[in-house]
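Structural features, examined
Residue strings, one per chain:
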Amino acid sequence: MFPFTFLVALLPLVSAASVPRARHEHSEVLPKRLGGAWHQPRDHFAHALFARGPGGGFPEVGSPEWSAGFPAAGPSDAIGKLPASWKAALDAAVKAGKIPSTPQTTVGPDGPSYPNGVDPMDPKICSSTAKCRIATDLWDAPDGVFASSFDDGPLPPTTKLLDFLAQNNVTSTHFMIGTSMLQNVEELKKLLASDGDLAVHTWSHRYTTSLSNEEVAGELGWTMQLIYNSTGGKLPRYWRPPYGDSDTRVTAIAREVFGMTTVIWNEDSEDWTMDSPGGPNEDKILSDVKKFIATPNKKPGLMLLQHELSDETVDVFIKAFPDIATNGWKFMSLADAYEADDYQDNPQYISLFGTVLPSSTSASATSTSSSSSAAAQATSGSQTAGTSANSTSIGHRLSSLYAASLATIPLLSWAAALHR
């Protein structure tokens, strides 16, 4: 236990992190790779929810043992049939009041809609489809950074994309669909052999706000399990909802049960529309992407939605790639960009004494401090609550402390970590 006088002396330093100030220009040369930017540290609470194979090892990627036990491709009732540890962690988070009772949406021709009388911009709902921003969700890249990511892989065009990235000595973050991983093993192996980042794009690419709590947990958990099995036990930090469809309930399940951060985007290339009847051609999409890149305003940075769906969507990226450097952007994988950025300088992150949000934001974050507690209950105390806060960046510690409402014990733990 630290003396009270030590804590008093420490508080000005903590308070300074919460004062909004000018963000870095990022004029320094950022490192190409930062190690484990895309995956959680080994002592993260979510590791308690995922088991290795028989004998403590992992089956060979592509083998029958590797693909066994997962739900079938496409929507399935099996999605919501959770392993006991996931179900217990979900139930614990609900019981603790960490999962909002937001109503499910109904999906129609125009996308998801809430029941009559429910405002998607209500802070208690905060639908990302309606462009409401939850404080802990990521929408903008750090200033001056082109935060690269691709959705919907792995697919046959993934090979072309990975070859181009390797030729240019850069990497990207790949938000993967679980069933696509099972169906495109060779492309998955190539991604695993590259230096690219793995992230979650759900198991079967459904509107997550339309799903039950158990189905949301299954869409996330089964994809995480397959990534875990394929990478020797690594768990992704980030997930992106299909169609950008999330809300306070879905985001809370991802965060509280699995420790993942929700990622949206601030510009849409609309490359996915090229395959639709009457959709734009490649030249139109390329022109729009080049306009996004050519913007002189680099505050915030560019989080552009792109896909590895087809040769055409990959070609758009390849043809626009030279413009990224020409226009003064720093190209980084999305995961590396957020790991490198100074968290308290980014308006999407929570400071210790308050929430700094863009002016368009109307919702604040649900507590993040209970996540490790829920997992600990689910695994009979096999992990210590809050271990991830002591092993990740200062920004992660600050957001966890804020979410704990400045309780004395978390503050002392934070002080102890700095003192060591």
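For the structure itself, consult the block above.
Residues numbered from 1 in each chain as written. Predicted model: local features only at pLDDT ≥ 70, side-chain atom pairs only at ≥ 80, totals over all residues. Heavy atoms only, no water.

**Let's talk about the packing of helix 4 (residues 157-167) against helix 6 (residues 185-193)**
At a closest axis distance of 9 Å, the pairing of helix 4 and helix 6 adopts a crossing angle of 20°. One element, helix 4, and the other, helix 6, form an angle in the roughly parallel class. When the axes of helix 4 and helix 6 are compared, the crossing they make is left-handed. Of the residues in helix 6, those in contact with Thr-158, Thr-159, Leu-162 and Asp-163 of helix 4 are Glu-187, Lys-190 and Leu-191. Across the contact of helix 4 with helix 6, the residue classes tally to two nonpolar, two polar and three charged. (Axes fitted to C-alpha atoms, helices over the stretch in contact; angles between N-to-C directions. Helix = DSSP H or I, 4+ residues; strand = E, 2+ residues; numbered from the N terminus. Parallel < 35°, antiparallel > 145°, perpendicular 65-115°, else oblique. Left-handed = near helix turned anticlockwise from the far one by under 90°. Contact = heavy atoms within 4.5 Å. Nonpolar A, V, L, I, M, F, W, Y, C, P; charged D, E, K, R; others polar.)

**Some remarks on the packing of aromatic side chains**
Applying the stated criterion across every chain yields a total of 16 aromatic pairs. Aromatic side chains Phe-58 and Tyr-228 sit 5.5 Å apart centroid to centroid with 70° between the ring planes, which places their arrangement in the edge-to-face category. In this pair, Phe-58 is assigned in the loop between helix 1 (4-16) and helix 2 (64-67) and Tyr-228 in helix 7 (residues 213-230), connecting sequence segments 170 residues apart. With relative accessibility at 26%, the residue Phe-58 sits in the partly exposed group. Overall, Tyr-228 belongs to the buried group, its relative accessible area being 5%. Ring centres of Trp-86 and Trp-222 lie 4.9 Å apart, and the angle between their planes is 65°; this geometry places the pair in the edge-to-face category. (Phe/Tyr/Trp six-rings, centres within 6.5 Å; stacked < 30°, edge-to-face > 60°. Buried < 20%, exposed > 50% of the residue type's maximum accessible area, 1.4 Å probe, protein only.)

**A short note on the pattern of salt bridges**
Inspection of the entire model under this criterion finds 12 salt bridges. Of the charged contacts in the structure, one is a salt bridge between Lys-189 and Glu-186, with a shortest N-O distance of 3.9 Å. In this pair, Lys-189 and Glu-186 both sit in helix 6, three residues apart, roughly one turn of the helix. Its relative accessible area of 34% is what places Lys-189 among the partly exposed residues. When the shortest N-O distance is used, the salt bridge between Lys-290 and Asp-323 registers 3.0 Å. Remark: Asp-323 occurs in helix 10 (residues 311-326) and Lys-290 occurs in helix 9 (residues 282-294); sequence separation between them is 33 residues. (Salt bridge = Lys/Arg side-chain N within 4 Å of Asp/Glu carboxyl O.)

**With respect to the state of the cysteines**
Summed over all chains, the structure comprises one disulfide. Disulfide pairing places Cys-126 opposite Cys-132 at an S-S distance of 2.1 Å. Its S-S torsion of about -95° marks the bond between Cys-126 and Cys-132 as left-handed, since a negative value means left-handed. Both residues of the pair, Cys-126 and Cys-132, count as buried. (Disulfide = S-S within 2.5 Å.)

**Overview of the packing of helix 4 against helix 10**
Following both chains from N to C, one finds helix 4 and helix 10 inclined at 15°, their axes separated by 9 Å at the closest point. In this view, helix 4 runs roughly parallel relative to helix 10, as classed from their interaxial angle. The handedness of the crossing between helix 4 and helix 10 is left-handed. Contacts between helix 4 and helix 10 involve Pro-157, Lys-160, Leu-161, Phe-164 and Leu-165 from the first element and Asp-311, Val-314, Asp-315, Phe-317, Ile-318 and Phe-321 from the second. Of the residues belonging to the contact of helix 4 with helix 10, the class tally is eight nonpolar, no polar and three charged.

**Concerning the pairing of strand 5 (residues 197-200)**
Along strand 5, one buried face is formed by Asp-197 and Ala-199 and the opposite face, lined by Leu-198 and Val-200, is buried too. Examined bridge by bridge, strand 4 (residues 173-176) and strand 5 share four bridges and lie parallel to one another. Bridging across to strand 5, Thr-173 finds its partner in Asp-197. (Pairing = 2+ DSSP bridges.)

**As for the side chain of Gln-306**
Here Gln-306 lies in the loop between strand 9 (304-305) and helix 10. On the basis of relative accessible area, Gln-306 is assigned to the buried category, the value being 2%.

**With respect to the environment of Ile-134**
Looking at the secondary structure, you find Ile-134 in the loop between strand 2 (111-113) and strand 3 (145-153). The class of Ile-134 is buried, set by a relative accessible area of 5%. With 114 residues separating them in the primary sequence, Ile-134 and Thr-248 have C-alpha atoms 7.2 Å apart.

**Quick look at unusual backbone geometry**
Among all residues save glycine, negative phi is the norm, and among peptide bonds the norm is trans. The amide bond that connects Gly-153 to the next residue, Pro-154, takes the cis arrangement and shows omega of -5°. Mapped onto the fold, Pro-154 is located in the loop between strand 3 and helix 4. Geometrically, the link from Lys-299 to Pro-300 is a cis peptide bond, its omega value of 0° lying close to zero. The topology assignment puts Pro-300 in the loop between helix 9 and strand 9. Phi is positive for Asp-152, which is not a glycine, with a value near 85°. Within the secondary structure layout, Asp-152 lies in strand 3. For His-205, which is not a glycine, the phi torsion comes out positive at approximately 60°. Along the chain, His-205 falls in the loop between strand 5 and helix 7.

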